[in-house]
Amino acid sequence: MYMNNEDTRLRYMVYKFKNEKSLKATQRYMQIAKDEGISVTQLALAWSLHFDFVPSTIVGATKVEQIKEHLSAADITLSSDAMRACDGVHEDIYHTMGV
């Protein structure tokens, strides 16, 4: 829908976030989450909460179930394999924003 929009700027912005690199990274994160037995959302939040230099993690929700899922990530400690796998995504697909 957005990729076919006549607005060139809009198409560029969509491509910036939805491109081959970002889709490939997303697939890999989905597999890491599956291997850990958690959702991708929980993976992202647990990863962010792992680092003490991250002062806050901002989330959004439209349903109570989503808030519960977000909060449950605080109790998740990712395995060293999962952390290494996430690092691998970052190394292999350094910048997903079309650069």
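Check the entry above for the structure.
Here's what I pulled together on the structure shown here.

What counts and how
Residues numbered from 1 in each chain as written. Predicted model: local features only at pLDDT ≥ 70, side-chain atom pairs only at ≥ 80, totals over all residues. Heavy atoms only, no water. Patch = residues over 30% accessible without salt bridge, like charges linked within 9 Å, V, L, I, M, F, W, Y side chains within 5 Å. Areas by Shrake-Rupley, 256 points an atom, 1.4 Å probe, with all protein chains shown as cover. Salt bridge = Lys/Arg side-chain N within 4 Å of Asp/Glu carboxyl O. Helix = DSSP H or I, 4+ residues; strand = E, 2+ residues; numbered from the N terminus. Buried < 20%, exposed > 50% of the residue type's maximum accessible area, 1.4 Å probe, protein only.

1. Some thoughts on a nonpolar patch on the surface
Okay, step 1: A surface patch of nonpolar side chains, amounting to about 320 Å² of accessible area, comprises Tyr-12, Met-13 and Phe-17.
Okay, step 2: Note on placement: Tyr-12 falls in helix H1 (residues 8–17).

2. Details of the pattern of salt bridges
Okay, step 1: With the rule as written, the count across this model stands at two salt bridges.
Okay, step 2: Its salt-bridge partner being Asp-92, residue Arg-28 comes within 3.0 Å of it at the nearest N-O pair. One end of the pair, Arg-28, is in helix H2 (residues 20–36); the other, Asp-92, is in helix H5 (residues 80–92), and 64 residues separate them in sequence.
Okay, step 3: With a relative accessible area of 55%, Asp-92 lands in the exposed category.

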